[in-house]
Amino acid sequence: MRLIDEISEEEAKKELAEIAAAMARADIAYYQNDAPFLSDAEYDSLKQRNLELETKFPHLVRADSPSRKVGAPLQSGFGKIAHRFPMLSLGDVFSMDEVADFIKGVKRFLNTDSDIDFMCEPKIDGLSFTARYEKGVFVQGATRGDGTTGEDITANLGTISGLPKKIVGEVPEILEIRGEVYMSKADFLELNQRNEEAGKKLFANPRNAAAGSLRQLDADVTRQRNLSIFAYTWGEVSERVWSSQEDFFKHLQKWGFPINPNNRLCHSIAEIDVFFDNLMQIRSKLPYDIDGVVYKVNDIDLQERLGFLTRTPRWAIAHKFPAEQAVTKINDIRIQVGRTGALTPVADLEPVNVGGVLVSHATLHNEDEIKRKDIRIGDSVIIQRAGDVIPQVVKVVLDKRPPDSQEFEFPVICPQCGAHAVREEDEAVRRCTGGLTCPAQAIERLKHFVSRDAMDIDGLGEKIIEDFYSEKIISSPVDIFTLEERNFGSEDDLFSRNQGLQLEKREGWGKKSVENLFSAINKSRHISLSRFIYALGIRQVGAATARLIAQNFISWNEFVKEMKAQNTEKLLAIDGIGPAMVKDIVEFFQEQHNIAIIEGLVKMISIQDFAERVDNTSQLSGKTLVFTGTLMTMTRAEAKAKALSKGAKVAGSVSANTDYVVVGADAGSKAAKAAELGIAILNEDDFVGML
Ligand code: IVH
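Residues numbered from 1 in each chain as written. Predicted model: local features only at pLDDT ≥ 70, side-chain atom pairs only at ≥ 80, totals over all residues. Heavy atoms only, no water.

### Points about the sheet that holds strand 3 (residues 118–124)
One key point about sheets: their strands pair by backbone hydrogen bonds, in either a parallel or an antiparallel sense. Strand order in this open sheet of five strands is 2-11-10-3-9, and the pairing throughout is mixed. If you trace the sheet from one side to the other, it starts and ends with strand 2 (92–93) and strand 9 (264–266), each paired once. Sheet topology places strand 2 next to strand 11 (residues 316–320); two bridges connect them, and they run parallel. Considered in strand 11, the bridge of Val93 is made with His319. Lying over the sheet, helix 3 (residues 96–110) contacts strand 2, strand 3, strand 10 (290–297) and strand 11, oriented at roughly 175 degrees with respect to strand 11. Helix 8 (residues 245–255) rests against strand 3, strand 9 and strand 10 of the sheet, and its axis sits at about 55 degrees to strand 3. (Pairing = 2+ DSSP bridges. Helix = DSSP H or I, 4+ residues; strand = E, 2+ residues; numbered from the N terminus. Contact = heavy atoms within 4.5 Å. Axes fitted to C-alpha atoms, helices over the stretch in contact; angles between N-to-C directions.)

As structure tokens, this is what we get:
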């Protein structure tokens, strides 16, 4: 940051714009999404800096300056969309008997004795959406809302890669496709892990995470969360070219919509029964949450004859799974220390069967959660398991609380290393301050370092890392690369013959496994820049972020030089990297023990410069692009990848260095800024043309 006395008017103008944008995003994150990414201190220092700049250059005060805002945040900024066909819900049943009654009712209504085919579909536990296509082009997306009116989420839905933006082939002129937006269990866990490490709000389940991610005023946030869809029904269509639900699915598939692979046509109640049981068996293994089965009369003519009750169709019903909950006792509360020092409380439970799975631990998330739910050792609790998600405590059964129970005292000292565990004012997480002197953190960081997406060293499994660490064979990543040389003894010292580690003599090891380990280690000595950055285990820097950094800095030396000098400008300009992340990255490089490890490592390995096969004959080669708004024929990620492959750079904000701004639908201030700075504006067609 430039000293206020030295700053030029031009620089001040640029910085004021950046501050206004950053604070606007921070406000939305804080007030509307309950997911702040700036600490109070960071927020206040931005405000202070803004004030200083404005005092020096009063004529540069912006219309949208944070100093002119009077606190009150924006209200839900989504436009409303009236559904041309209401988005209905389904009646619920909970037993096979009720399903039989439903089928009887259908037959009675149709006055028939013949068997009726039903399409049986997993009931996805997400949020329903509707997507409107005109002449095959995605033009509008909405949530269900109250069924009559929903919210306009066109931009957000447009970021979901599974949703076709343009349908190729023959398609009705007007076509409204409906389905469910969901987040996979894996993406949910990863998001929560990231949030936990950043001290941000945790989502209770994948459904909440999907809802929170979809209803973001800033569609860029939605883009960064991995959301998926399944399509299963329709709204307005100019011409219905299908005759059954089965036929409809065939069309969906042809048009490129994801449909659930477990949808099955059943011809009798016996088949339905088997379908339901099978699905319940595989439920926990599915990569997403489902909460039951939907049965739909397959024949659309019959559906039309059956029609609707007030809010639900007569031709379909939802058969819900029983809730996966159970009551058990908390035997103990343990504290786990993670890679970044986060202290996570875990309940040791009296093992109990929940929906077919034996559960003996539940996460308690953090200290506030324990307080809020008043969870104590010895309590009986209701626990809940949703799919593969770590079981959670729903609530305490107070009637069963032992009379002498005591509140849990959350440690303020790391149970692993004794260092202070501190909690920043605005964080939910308490962290051990021991850094790499804390064995738990050191071990978790080693595990991360060798993991598949990082250095990918096969043969150094979790147990081995733990053993080697406790035997002081490997204390830091550097030791991994001296392992081979330390394994073999030397005889040149006549007095004390060094026997070496002799790993091949360890129990369960042999010559071959040791050779394999060394060859895996040696293979990892040639490592790509993005993997290496990811392997360092910097807080908040996942594989995708590491790749962005590599793409922008190209070489390790360049990156390290800038980070040591705390030059954050280049990092901040990267689309997808925010100020909180930058802070963590810079802090990492100010820690002496991290520098020592890095310096040790670079002597042992060779880090490849970032190289992507680029086409430097393209008009876009060497140019800096900024994207804004929603593109119709491709997702933002695709557009970015294509631009990068043509040798272009992609920045997150418009500046004097920008060559082109690619403007999609609903573009915001970036387009205006480009016009103001006289930067060339491309529409989607121009961009595709240049590609
Ligand atoms: S059909 C008129 N099919 O369940 C029928 N809904 O409880 C419209 N859902 O609002 C819905 N999976 O959000 C249908 N395969 C599926 C579904 C499904 C999940 C959700 C949907 C709906 C709710 C009704």
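### Considering a negative patch on the surface
A cluster of acidic residues, Glu190, Asp453, Asp456 and Asp458, forms a negative patch on the protein surface. Here Asp456 is to be found in the loop between helix 12 (439–450) and helix 13 (462–470). (Patch = residues over 30% accessible without salt bridge, like charges linked within 9 Å, V, L, I, M, F, W, Y side chains within 5 Å. Areas by Shrake-Rupley, 256 points an atom, 1.4 Å probe, with all protein chains shown as cover. Salt bridge = Lys/Arg side-chain N within 4 Å of Asp/Glu carboxyl O. Lys, Arg positive; Asp, Glu negative; His and termini not counted. Charge placed at Lys NZ, Arg CZ, Asp CG, Glu CD.)

### A word on the site of the ligand
In the vicinity of the ligand, the residues found are Leu88, Leu90, Glu121, Pro122, Lys123, Ile124, Ser128, Glu180, Tyr232, Val294, Lys296 and Pro313. One of the side-chain nitrogen or oxygen atoms of Tyr232 is found 3.4 Å away from an oxygen atom of the ligand. Elements represented by at least two residues in the shell around the ligand include exactly strand 3 and strand 10. If one sorts the elements of the shell around the ligand by residue count, strand 3 sits on top with four residues. In the shell around the ligand, the residues fall into seven nonpolar, one polar and four charged. (Near = heavy atom within 4 Å. Polar contact = N/O pair within 3.5 Å; in protein donor to acceptor, adjacent residues only side chain to side chain. Nonpolar A, V, L, I, M, F, W, Y, C, P; charged D, E, K, R; others polar.)

### Points about the side chain of Glu427
With respect to the helices, strands and loops of the structure, Glu427 is situated in the loop between strand 17 (421–422) and strand 18 (431–432). Looking at Glu427, the relative accessible area reads 15%, which means it is buried. In this view, Glu427 contacts Ala198, Gly199 and Arg539; residues no more than four positions away in its chain are not counted. (Buried < 20%, exposed > 50% of the residue type's maximum accessible area, 1.4 Å probe, protein only.)

### Details of the nonpolar core
One finds Ile480, Trp556 and Phe589 to be the most contacted residues of the largest nonpolar core, which totals 60 residues. The contacts of Ile480, once residues within four sequence positions are left out, are Leu446, Phe449, Val450, Ile457, Leu460, Ile474 and Ile521. (Core = buried A, V, L, I, M, F, W, Y, C linked by side-chain atoms within 4.5 Å.)

### Observations concerning helix 3
Think of an α-helix as 3.6 residues a turn; residues three or four steps apart then line up on the same face. An ideal rise of 1.5 Å per residue puts 21 Å on 15 residues; helix 3 measures up with 21 Å between its terminal C-alpha atoms. Residues of helix 3 that are buried include every one of Val99, Phe102, Ile103, Val106, Lys107 and Leu110, and no others. Buried positions in helix 3, seen along its axis, are confined to an arc of 135 degrees and lie on one side of it. Across helix 3 from its buried face, at more than 90 degrees, point the exposed residues Asp97, Lys104 and Arg108. (Expected span 1.5 Å × (residues − 1). Arc of directions from axis to C-beta.)

### A closer look at the environment of Gln392
One can find Gln392 in strand 16 (residues 392–396). A relative accessible area of 17% places Gln392 in the buried class. As for Gln392 and Lys254, which are separated by 138 residues in sequence, their C-alpha atoms are 41 Å apart. Here Gln392 is in contact with Ala204, Ala362, Thr363, His365, Ile382, Ile383 and Gln384, once residues within four sequence places are set aside.

### Some points on the confidence of the model for the protein chain
The predicted coordinates should not be examined in detail at positions where pLDDT is low. Per-residue confidence for the protein chain gives a mean pLDDT of 89, with 94% of residues at or over 70. Per-element mean pLDDT across the protein chain ranges from 75 in helix 23 (residues 636–645) up to 98 in strand 3. This model gives residues 70–75 a pLDDT under 50, and the stretch forms five contacts once residues within four places in sequence are excluded. (pLDDT = per-residue confidence, 0-100.)

### Considering the pattern of salt bridges
According to the stated counting rule, one finds 36 salt bridges in the structure shown. A salt bridge links Glu173 to Lys135, with the nearest nitrogen and oxygen atoms 3.6 Å apart. Of this pair, Glu173 sits in the loop between helix 4 (154–157) and strand 7 (174–182) while Lys135 sits in the loop between strand 4 (127–134) and strand 5 (137–143); the two residues are 38 residues apart in sequence, bridging distant segments of the chain. The exposure class of Glu173 is partly exposed, given its relative accessible area of 47%. The salt bridge partner of Asp368 is Arg423, with a shortest N-O separation of 2.6 Å. One end of the pair, Asp368, is in helix 11 (residues 367–373); the other, Arg423, is in the loop between strand 17 and strand 18, with 55 residues separating them in the sequence. The class for Arg423 is partly exposed, based on a relative accessible area of 27%.

### Thoughts on the sheet that holds strand 4
Taken in spatial order, the four strands of this open sheet run 5-4-7-8, and their pairing is antiparallel. The open sheet has two free edges, formed respectively by strand 5 and strand 8 (228–237), since each of these has just one partner strand. Strand-to-strand twist of the sheet, defined as the mean angle between neighbouring strand axes without regard to direction, takes the value 30 degrees. Where strand 4 meets strand 7, eight bridges bridge the pair, whose relative direction is antiparallel. For Leu127, the partnering residue across the bridge sits in strand 7 and is Val181.

### A few points about the pairing of strand 13 (residues 343–354)
Across the 12 residues that make up strand 13, a large majority, nine, are buried. Sheet topology note: the strand 12 (residues 325–337)/strand 13 ladder contains seven bridges and is antiparallel. Note on strand 13: the bridge partner recorded for Ile333 is Ala347. Counting the residues between successive antiparallel strands, the hairpin from strand 12 to strand 13 contains five residues, one of them, Gly341, with a positive phi of roughly 90 degrees.

### A look at the pairing of strand 5
Relative to strand 5, strand 4 is paired through six bridges, and the arrangement is antiparallel. Its bridge partner lying in strand 5, Arg132 is registered against Gln140. Counted along the chain from strand 4 to the antiparallel partner strand 5, the turn is two residues long, and its residue Lys135 has a positive phi close to 50 degrees.

### Comments concerning the packing of helix 19 (residues 556–564) against helix 21 (residues 579–590)
Two quantities define a packed helix pair, namely the angle between the axes and the distance from one axis to the other. Where helix 19 contacts helix 21, the two axes come as close as 9 Å, and the packing angle between them is 90 degrees. The orientation of helix 19 relative to helix 21 falls into the category roughly perpendicular. Where helix 19 approaches helix 21, its residues Trp556, Phe559, Val560, Met563 and Lys564 are matched on the opposing element by Ile585, Val586, Phe589 and Gln590. Of the residues that constitute the contact of helix 19 with helix 21, the class distribution is seven nonpolar, one polar and one charged. (Parallel < 35°, antiparallel > 145°, perpendicular 65-115°, else oblique.)

### Considering the packing of aromatic side chains
Remark: the centre distance and the inter-plane angle together describe each pair of aromatic rings, the angle taken between the planes. Following the criterion strictly, the structure yields 24 aromatic pairs and no others. Measuring from ring centre to ring centre gives 4.8 Å for Trp242 and Phe248, while their planes differ by 45 degrees; the resulting arrangement is tilted. In terms of burial, Trp242 and Phe248 fall into one category: buried. Considering the side-chain rings of Phe248 and Phe249, the 6.2 Å spacing of their centres and the 35 degrees angle between planes classify their relative orientation as tilted. We classify Phe248 as buried; its relative accessible area is 0%. A relative accessible area of 5% places Phe249 in the buried class. Through a chain of ring-to-ring contacts, three or more aromatic side chains come together here, namely Phe532, Phe553, Trp556, Phe559, Phe588 and Phe589. (Phe/Tyr/Trp six-rings, centres within 6.5 Å; stacked < 30°, edge-to-face > 60°.)

### Thoughts on unusual backbone geometry
Although it is not a glycine, Lys135 sits at a positive phi angle of roughly 50 degrees. In the Ramachandran plot, His365 falls in the positive-phi region, its phi being about 65 degrees despite a non-glycine side chain. If you trace the backbone, His365 turns up in the loop between strand 14 (357–363) and helix 11.

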